[in-house]
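# Commentary on secondary and tertiary structure
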Amino acid sequence: MTARVNRRWVLAKRPVGEPTEDCFELEERPIPELAVGEILVEVHYLSLDPYMRGRMRDAKSYAEPLKIGEVITGESAGVVVESKSDRWSVGESVTIHQGWQSHIVVAGDSPALLPADTSLVPLPAWVGVVGMPGRTAYFGLQRVGKPKPGETLVVSAASGAVGSVVGQIGKILGLRVVGVAGGPEKCAYCTDELGFDACIDYKAGALEADLEAACPKGVDIYFENVGGAVTRAVSRLLNDGARVPICGFVSLYNSEQEMTEVETPFSVFAGLANTPEHRFFLVGEWHDEWLEASRVLAGWIESGELKYRETIAEGIESAPAAFRGLLAGKNFGKQLVHVAG
Ligand SMILES: NC(=O)c1ccc[n+]([C@@H]2O[C@H](COP(=O)([O-])OP(=O)(O)OC[C@H]3O[C@@H](n4cnc5c(N)ncnc54)[C@H](OP(=O)(O)O)[C@@H]3O)[C@@H](O)[C@H]2O)c1
C-alpha cells in the first residue's frame, strides 16, 4: 500500500440557487494498490464546466444526478504515475473523466481515458480548446449550425471556453461573427484578439439595439450558450431558415426553480412565428470523431487561426470557489484548477 492519499471533492448537499461552500466536502482516501490492468493517474488540472451544476440537481436530465457523497463529476488532465496495464506507460499524459480528485485509479481500457498528446498542445489544453469544450464548438457549429460562407453567426458566452472557439471557427469558415459577452474587456478580447466582427456587451444596457446594429442582415445561426435575455434579444433577429444549436443555457443553471418552470430557449424558439431549426446537442454524439476533431483544432492553433485563454485557480482546495465564479462569469476563457505538476 502506498502512503499517498487521494484528495477528492464530494457533494455534501444539493445547492439551492448558487452553490455555497457547504455543498462541497474535501475528503482524503488512501490510494489502493493497482490490480492487473489498472493505472494510477496523478491529476494535474481539473476542468470546471457549467454542466456540473446540472448534475447537482435532483432532476431528470440526459445524465443521472450526482448522489450525496459522490465525487463531483468532471474531466481532468494528468500523467500516468503507475501502470499495471499494457496499454499505458508511466509518464504518458491522459485525460480522464472521473471527477474532482487528485489521484485516480482506473482500468487501462476504461472509455473515460483518452491520450493527450502534449507534443501538439500543452496538457491543460486537452481539457479546453482541443478537448471537450473545443470539440463541442467544432461539432455543434458545423453539424447542427450547418454554416454557409457569408452568413451571420451570433454566439453567446463568446469569450468562454466553447464560445471563443465557435466564433473563431465561424471566421475560418467565412461567416460574419457577432459575439455576446459580459463586459468591455471580454468584448474587446473577442474583436481585437479573436477577430470577431463585433461583440455586444449584454451588461451595457442596450442589448437589443446593439445586436440589431451588429446584425444588419439578420441572424442565420445562433449558437446558444446562455438563455434568458440574450436568447430573447437574438430571437427577434432570426432569418427564415435559421439554425440554433442549443449547447446550454448557463444563465438558468443556478435558478431555484425547476427547469420545467423556467423559460428555456426551447420555449422561446418554439413560440416564434418563424421557428428556427433548433435542437439541444451533446458533444458525445460524435464520440468516434473526437480525436480527429482535436487534431484539426490543434492544427488551427499551430497555424495561428485559433487562440485561447485560460483562467487557472491554484490548488484542489480552490475548486468550489472557482466553480461558483464560473457560473457568475468571473472566468475569462477556460476555467481550470491546477492540482499538481
Ligand atoms: N452540449 C454540450 O455537449 C456542452 C458541452 C460543453 C459545454 N456546454 C455548454 O456550453 C456553455 C458554455 O460553457 P463553457 O464551458 O464554455 O463555459 P464558459 O463560457 O467558459 O463560462 C461560462 C460563461 O457563461 C457566462 N454567463 C454566466 N452567467 C450568465 C448570464 N446570466 N447571462 C449570460 N451569460 C452568463 C459567463 O460569461 P460572461 O461574463 O460573458 O457573461 C461565463 O464566463 C454552457 O451553457 C455549457 O453548459 C455544452
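Cut-off values and rules
Residues numbered from 1 in each chain as written. Predicted model: local features only at pLDDT ≥ 70, side-chain atom pairs only at ≥ 80, totals over all residues. Heavy atoms only, no water. 1 Å grid on protein atoms, 1.4 Å probe; cavity = no way out; pocket = protein on both sides within 12 Å on 5 of 7 lines; lining within 4 Å. Points joined across faces, edges and corners; volume = space filled by probe spheres on them. Helix = DSSP H or I, 4+ residues; strand = E, 2+ residues; numbered from the N terminus. Nonpolar A, V, L, I, M, F, W, Y, C, P; charged D, E, K, R; others polar. Domains from an automatic or database assignment. Contact = heavy atoms within 4.5 Å. Buried area = accessible area lost by both parts, 1.4 Å probe. Salt bridge = Lys/Arg side-chain N within 4 Å of Asp/Glu carboxyl O. Polar contact = N/O pair within 3.5 Å; in protein donor to acceptor, adjacent residues only side chain to side chain. Buried < 20%, exposed > 50% of the residue type's maximum accessible area, 1.4 Å probe, protein only. Pairing = 2+ DSSP bridges. Right-handed = clockwise from strand over helix to strand, strands pointing away. Near = heavy atom within 4 Å. Areas by Shrake-Rupley, 256 points an atom, 1.4 Å probe, with all protein chains shown as cover. Phe/Tyr/Trp six-rings, centres within 6.5 Å; stacked < 30°, edge-to-face > 60°. Lys NZ or Arg CZ within 6 Å of the ring centre and 35° of its normal.

A few words now on empty space enclosed by the protein. Evaluated as defined, the whole model comprises one cavity of 30 Å³ or more. By volume, the largest cavity amounts to about 60 Å³. Considering the residues around the largest cavity, the lining is formed by Gly128, Val129, Gly160, Ala161, Ser164, Val165, Tyr308, Arg309, Glu310, Gly333 and Lys334. At three residues, helix H3 (residues 161-172) tops the list of elements feeding residues into the lining of the largest cavity. Partitioning the lining of the largest cavity into residue classes produces four nonpolar, four polar and three charged. Taken together, domain 1 (5-128 + 309-338) and domain 2 (132-284) each give at least three residues to the lining of the largest cavity, which thus spans both.

Along its sequence, the chain is carved into domain 1 (5-128 + 309-338) and domain 2 (132-284). Taken over C-alpha atoms, the centre of domain 1 sits 28 Å from the centre of domain 2. Every contact between the two is made by 22 residues of domain 1 and, on the other side, 20 residues of domain 2. For domain 1, the biggest contributors to the area lost against domain 2 are Arg57, Tyr62 and Phe332; these three give 31% of the whole. For the interface between domain 1 and domain 2, the tally reads zero salt bridges. At the surface where domain 1 touches domain 2, the tally comes to seven residue pairs in polar contact (both at pLDDT 80 or more). Class assignment for the residues of the side of domain 1 that touches domain 2 results in ten nonpolar, five polar and seven charged.

Okay, the pairing of strand E10 (residues 198-201) next. The side chains of a regular strand alternate between the sheet's two faces. Here E10 shows no split at all, with Ala198 and Ile200 on one side and Cys199 and Asp201 on the other all buried. Across four bridges, strand E9 (residues 176-181) lies against E10 in parallel orientation. Residue pairing in the sheet places alanine 181 in a bridge with aspartate 201 of E10. In terms of handedness, the path from E9 via helix H4 (residues 184-193) over to E10 forms a crossover that is right-handed.

Time to look at unusual backbone geometry. Although it is not a glycine, lysine 146 sits at a positive phi angle of roughly 45°. Examined against the element boundaries, lysine 146 turns out to sit in the loop between helix H2 (132-144) and strand E8 (152-156). Backbone geometry at alanine 157 places phi at a positive 45°, although glycine is not the residue there. Its location among the elements puts alanine 157 in the loop between E8 and H3. Relative accessible area serves as the criterion here: at 33%, alanine 157 is assigned to the partly exposed category.

Quick look at the site of the ligand now. Taken together, the neighbourhood of the ligand is formed by 28 residues, with Val162, Lys186, Tyr202, Tyr253 and Asn331 sitting nearest. Within the side chain of lysine 186, an N or O atom sits 2.6 Å from an oxygen atom of the ligand. Backbone polar atom of cysteine 247 to a nitrogen atom of the ligand: 3.0 Å apart, as the coordinates give it. In isolation the ligand offers 910 Å² of accessible surface; the protein chains occlude 92% of this area.

Summed over the entire model, instances satisfying the criterion amount to 13 aromatic pairs. With a centroid separation of 6.4 Å and 90° between ring planes, the pair formed by tryptophan 9 and phenylalanine 24 is classed as edge-to-face. Of this pair, tryptophan 9 sits in strand E1 (residues 5-11) while phenylalanine 24 sits in strand E2 (residues 24-30), and the two are 15 residues apart along the sequence. When sorted by exposure, tryptophan 9 lands in the same class as phenylalanine 24, which is buried. Ring pairing ties together the aromatic residues Tyr138, Phe139, Phe223, Phe281, Trp286 and Trp300, which thus form one cluster. The ring of tyrosine 189 has arginine 309 sitting right over it, with the charged end atom 5.4 Å from the ring centre.

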